[in-house]
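Each chain, letter by letter, is given below.
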Amino acid sequence: MKNPIFILLFLLSFSISAQQRFIDESFQLKETETKTYATKNGEALKLDIYQPENDTMQQRPLIVFMHGGGFAGGTRTNPGEINFAESAAKKGYVAVQISYRLTRKGQSFGCDYEASGKMETFKMAAEDFMDAVNFMVKNKEEFNINPAKIIVGGSSAGAEAVLNAVYNEKLMLEGFSKYQNFDFAGVFSLAGAIVDARYITEENAIPGVFFHGTEDNLVPYASAPHHWCDRDQPGYIMLDGSKTITEKLKKLNTSYLLYSFEGGKHEHSRMPFEHLPKVFQFFNSVFLNGENKQIEVWK
């Protein structure tokens, strides 16, 4: 009887050791924790923290994700965002989904809303995002976080806020020095864009993963007006999308993974579950281990 039991235990231990942290779902989940990371104009801004159960690693990479919704709607508890965070935590990450000020709730964010207002909207959302990251870093010991391994991401409006905070920080953030106690290892953008790719430099050229439809009707794939507004409309503002951002990263010899969907529109702001295995492999090899890769995938 001892031999079969010994063999069974050996095979079980081999199976566990063969699983790769940050690639395979090796952990169960702890109970999700909800925290208030800031209070602004009387509104408590909250985040949900997903963690692996029984993980002994002392410095774990952190993923912070920001939902979309045109700065008017959406929630950190969207099923897609929850599934992504749970999957990341099962792989060994600390994953966070955040809420932020929906400053355009019940209002337009289209061509009838002036460009200066759009800029202010981007700035406020970028500030909320950075405050959420700052909160997690200040509590790094409680959640066993490595502040040098932070992956940030967003969808649609959330991606715009995150990308602007990372690549256009001098345009978006006042008092940027208070956010310099951590490092971004990578960016994960679903149909996002920034105000000006010329502000991407060797200093802030963070590696990224980008998903975008080539015919996105809201957020440009390359460089075009936001919402395709006409030049004489109040909401006319040029944005640089995933293609333009990755062209700049390529020139700077920075790693990126770009998924381009031929003819695709804004539906590619949704979580790309069928492609996430490749995404997490890129996270591991490039964001966490510093490999240099420039990959473009056409669908």
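A brief report on the enclosed structure follows. No experiment lies behind these values; they were computed from the predicted model shown.

Description of helix α7 (residues 242-251)
- Taken together, the buried positions of α7 are occupied by S242, K243, T244, I245, T246 and L249.
- Of the residues flanking the end of α7, it is N253, one or two places downstream, whose phi is positive at about 60 degrees.

Observations regarding unusual backbone geometry
- At A191, a residue that is not glycine, the phi angle is positive and equals roughly 60 degrees.
- Locating A191 in the fold gives a position in the loop between β6 (184-190) and β7 (193-194).
- You can call A191 buried: its relative accessible area is 0%.
- Positive phi, normally seen in glycine, also occurs at W228, with a value near 55 degrees.

Some thoughts on the state of the cysteines
- On inspection of all chains with the given rule, the structure shows 1 disulfide.
- C111 shares a disulfide with C229; S-S distance 2.1 Å. Every disulfide takes its handedness from the sign of the S-S torsion; for C111 and C229 that torsion is -95 degrees, giving left-handed. Taken together, the residues C111 in the loop between β4 (94-98) and α3 (115-138) and C229 in the loop between β9 (223-225) and β10 (238-241) connect sequence positions 118 residues apart.
- Overall, the relative accessible area of 18% leaves C111 in the buried class.

Things to note about the environment of T36
- Note on placement: T36 falls in strand β1 (residues 33-40).
- Along the chain, T36 and S99 lie 63 residues apart, while their C-alpha atoms are 9.6 Å from each other.
- Beyond its immediate chain neighbours, meaning those up to four positions away, T36 contacts A44, L45, K46 and F135.
- Here K46 takes part through its side chain, which lies 3.0 Å from a polar atom of the side chain of T36.

Describing the packing of aromatic side chains
- Across all of its chains, the model carries 20 aromatic pairs by this definition.
- For the ring pair F71 and F109, a centre distance of 5.1 Å and an interplane angle of 65 degrees mean the geometry is edge-to-face. You can see F71 sitting in the loop between β3 (60-66) and α2 (79-91) and its partner F109 sitting in the loop between β4 and α3, a full 38 residues away along the chain. For the pair formed by F71 and F109, the shared burial category is buried.
- Taking 5.1 Å as the distance between ring centres and 25 degrees as the angle between the ring planes, the aromatic pair formed by F283 and F287 counts as stacked. Remark: F287 and F283 occur in helix α8 (residues 276-288); sequence separation between them is 4 residues, near one turn of the helix.
- The class for F283 is buried, based on a relative accessible area of 0%.
- Through successive ring pairs, a cluster of aromatic residues spans F22, F65, F84, Y93, F188, F211, Y259, F261, F280, F282, F283 and F287.
- Across from the ring centre of F109, 5.8 Å away, lies the NZ or CZ of K118, which sits over that ring.

Scoring rules and cut-offs
Residues numbered from 1 in each chain as written. Predicted model: local features only at pLDDT ≥ 70, side-chain atom pairs only at ≥ 80, totals over all residues. Heavy atoms only, no water. Buried < 20%, exposed > 50% of the residue type's maximum accessible area, 1.4 Å probe, protein only. Helix = DSSP H or I, 4+ residues; strand = E, 2+ residues; numbered from the N terminus. Disulfide = S-S within 2.5 Å. Contact = heavy atoms within 4.5 Å. Polar contact = N/O pair within 3.5 Å; in protein donor to acceptor, adjacent residues only side chain to side chain. Phe/Tyr/Trp six-rings, centres within 6.5 Å; stacked < 30°, edge-to-face > 60°. Lys NZ or Arg CZ within 6 Å of the ring centre and 35° of its normal.

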